[in-house]
2 protein chains.
Amino acid sequence: MKEGKKKTPEVIVENIVASTSFADKLDLDAIAQALEEAEYEPEQFPGLVYRLDNPKTATLLFRSGKANCTGAKNVENVRKTVEIIADKLRNLGIDVYKNEDLKIVIQNIVAISDLGTELNLNEVAMGLGLENVEYEPEQFPGLVYRLEEPKVAMLLFGSGKIVCTGARRTEDVAIAVQKLADELAALGLLKEKEEGD
Amino acid sequence: MKEGKKKTPEVIVENIVASTSFADKLDLDAIAQALEEAEYEPEQFPGLVYRLDNPKTATLLFRSGKANCTGAKNVENVRKTVEIIADKLRNLGIDVYKNEDLKIVIQNIVAISDLGTELNLNEVAMGLGLENVEYEPEQFPGLVYRLEEPKVAMLLFGSGKIVCTGARRTEDVAIAVQKLADELAALGLLKEKEEGD
DNA sequence: AAAGTATATAAAAGGGTTTTTAAAAAGATT
DNA sequence: AATCTTTTTAAAAACCCTTTTATATACTTT
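First things first, this report covers the structure right here in the doc. This one's a predicted model, so the numbers in the text were calculated from it and none came from an experiment. (Residues numbered from 1 in each chain as written. Chains lettered and ligands numbered in written order. Predicted model: local features only at pLDDT ≥ 70, side-chain atom pairs only at ≥ 80, totals over all residues. Heavy atoms only, no water.)

1. Structural notes on the protein's contact with DNA strand C
Then, in step 1: What surrounds DNA strand C is a group of 43 residues, the closest being R51(A), S159(A), S64(B), Q139(B) and R146(B).
Then, in step 2: Near the protein, within 4 Å, the atoms of DNA strand C are sugar or phosphate in 64% of cases.
Then, in step 3: Take N15(A): an N or O atom from its side chain is 3.0 Å from a base oxygen of DNA strand C.
Then, in step 4: In the model, a phosphate oxygen of DNA strand C is placed 2.5 Å from a nitrogen or oxygen of the S159(A) side chain.
Then, in step 5: In terms of residue class, the surface near DNA strand C is built from 22 nonpolar, 12 polar and nine charged. (Near = heavy atom within 4 Å. Polar contact = N/O pair within 3.5 Å; in protein donor to acceptor, adjacent residues only side chain to side chain. Nonpolar A, V, L, I, M, F, W, Y, C, P; charged D, E, K, R; others polar.)

Right, here's the structure in full:
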């Protein structure tokens, strides 16, 4: 039973933030005019917000032609979102780059995982070192733990659930959660509940 | 008289913006507390404003330890300002880098020059090309002319006076003004007033 | 009439604005 | 009691904020 280490932690991607560029400039006033669903309040924020129902995403378009897509749970849906918006813009007579030139860069991945055991966050805070951790239960029930490699921030909850954010690659989420699990195991803070698989 | 071209346009530096770093972090609240003359309103702006009478400068200090010095008319006064502030901080018991490690980077130079002739800005706008110029006398009396090399913005006034901003080296101001003068001369827009030297 | 305001230019600094998403706990509101 | 909002984390985008300085117009306030 030495090889009891799980292959790779089960991770669920909940949100992807990705950037792209539709053109070298965009006339947001014209777009806001033409697309009724668009939200554009330049006094408040320089980006135009455009929401899609399927995939369920929100994309911010900027005058520079650059854009950020948020809310997708996988890269395919980021791509779909970007191409749907590109088509809408083309239908408006706006010149945008060809689909194959729409380069998508993942900027942030938010994912959850589950350690499978409840955590005593006070013990975890002591174990990981108070200087490496932020834990103020009065303010927020999660304990914040930052990793340098991969560079992510993890929120640990008493339930054993983990939120990981900051990763740019899905595999880094798994690596980060594994590192965390290993550290907690080494500290004897995981109750080793055999979840019967 | 073919070599009537002035060697280098007379330029007066009016303002230098330079950046530096005093430490890897600064406690602005403590500094604001200790230095009564400091202005610090973090809700309004994250930088602490510290003004000196001699040299007459205003320096913005940030939590990151970085700072911007504005108002000096020469680099020596930027250096003086930075060292005076460093000393003040040391006297407060704040740890800052040694003077020789305080690296100063000039970020912007504002300078004036004078073409020696009055300009008809409407003719200048036509001559330089309306697409290369911004001129809305109702809004602002100056004509904006941008150069790519050196990358500066020049404001031309009917009086023949020029404001040049954006340069990082003093010599670039002279180069920019010379380029402008050459272009205007080629267009026959300089009245060649021999100013008797 | 004199002294302010505004208009416009460049540059750095870093915090705010907005969007998304999960976790969970406390508080407010319905 | 059920539903909301707040708290926190990360990330991109591009604007605002503030400081300085000359230039020169119009407009407002003393």
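2. Structural notes on the state of the cysteines
Then, in step 1: Applying the stated criterion to the full structure yields zero disulfides over all chains.
Then, in step 2: Counting only cysteine sulfurs, C69(A) is the nearest neighbor of C164(A), a cysteine outside any disulfide, at a range of 19 Å. (Disulfide = S-S within 2.5 Å.)

3. Some thoughts on the protein's contact with DNA strand D
Then, in step 1: Neighbouring DNA strand D are 44 residues; S64(A), R146(A), T165(A), R51(B) and S159(B) lie closest to it.
Then, in step 2: Taking all atoms of DNA strand D within 4 Å of the protein, the share assigned to sugar and phosphate is 68%.
Then, in step 3: Its residues assigned to classes, the surface near DNA strand D shows 22 nonpolar, 12 polar and 10 charged.

4. A look at the sheet that holds strand β7 (residues 143–147) of chain B
All names here are of chain B.
Then, in step 1: Pairing in this open sheet of nine strands is antiparallel, and the strands run β2-β3-β4-β1-β5-β9-β8-β7-β6 from one edge to the other. The open sheet has two free edges, formed respectively by β2 (48–52) and β6 (133–134), since each of these has just one partner strand.
Then, in step 2: Of the strand pairs in this sheet, strand β1 (residues 11–21) and strand β4 (residues 66–72) are connected by six bridges, and their pairing is antiparallel. Among the inter-strand pairings, S19 is bridged to a residue of β4, identified as N68.
Then, in step 3: Along the sheet, helix α3 (residues 121–128) makes contact with β6, β7 and β8 (152–156), crossing β7 at roughly 30°. (Pairing = 2+ DSSP bridges. Helix = DSSP H or I, 4+ residues; strand = E, 2+ residues; numbered from the N terminus. Contact = heavy atoms within 4.5 Å. Axes fitted to C-alpha atoms, helices over the stretch in contact; angles between N-to-C directions.)

5. Brief notes about the pairing of strand β4 (residues 57–61) of chain A
Residues and elements named next belong to chain A.
Then, in step 1: The element β4 is largely enclosed, with a buried count of four among its five residues.
Then, in step 2: Across five bridges, the pairing between strand β3 (residues 48–52) and β4 is antiparallel. Paired with L52 across the two strands is T57, which belongs to β4.
Then, in step 3: Counted along the chain from β3 to the antiparallel partner β4, the turn is four residues long.
Then, in step 4: In terms of strand pairing, β4 meets strand β5 (residues 66–72) through four bridges, oriented antiparallel. (Buried < 20%, exposed > 50% of the residue type's maximum accessible area, 1.4 Å probe, protein only.)

6. Remarks on the nonpolar core
Residue and element names in this part refer to chain A.
Then, in step 1: Counting residues in hydrophobic clusters, the biggest one holds 52 residues, and the most contacted among them are F22, M154, L156 and L184.
Then, in step 2: Broken down by element, the residue count for this core peaks at six residues, all from helix α4 (residues 170–186).
Then, in step 3: Two domains each donate at least three residues to this core, and these are domain 1 (17–106) and domain 2 (115–186). (Core = buried A, V, L, I, M, F, W, Y, C linked by side-chain atoms within 4.5 Å. Domains from an automatic or database assignment.)

7. A closer look at the pattern of salt bridges
Then, in step 1: Enumeration according to the criterion identifies 16 salt bridges over all chains in this entry.
Then, in step 2: One salt bridge connects K98(B) with D101(B), and the closest N-O pair in it is separated by 3.2 Å.
Then, in step 3: A salt bridge links E171(B) to R169(B); its shortest N-O distance comes to 3.5 Å.
Then, in step 4: Because the salt bridges share partners, they merge into one network encompassing R169(A), E171(A) and D172(A). (Salt bridge = Lys/Arg side-chain N within 4 Å of Asp/Glu carboxyl O.)

8. Looking at helix α2 (residues 75–91) of chain A
Residue and element names in this part refer to chain A.
Then, in step 1: Over its 17 residues, α2 runs 24 Å from end to end, which matches the ideal 24 Å to within 8%, given 1.5 Å per residue.
Then, in step 2: Residues of α2 that are buried include every one of V78, T81, V82, I85, A86 and L89, and no others. Down the axis of α2, the sector holding all buried residues measures 130°, keeping them to one side. Exposed residues on α2 whose side chains face more than 90 degrees from its buried face are E76 and N91.
Then, in step 3: On its buried face, α2 sits against β1 (11–21), α1 (28–34), β3, β4 and β5. (Expected span 1.5 Å × (residues − 1). Arc of directions from axis to C-beta.)

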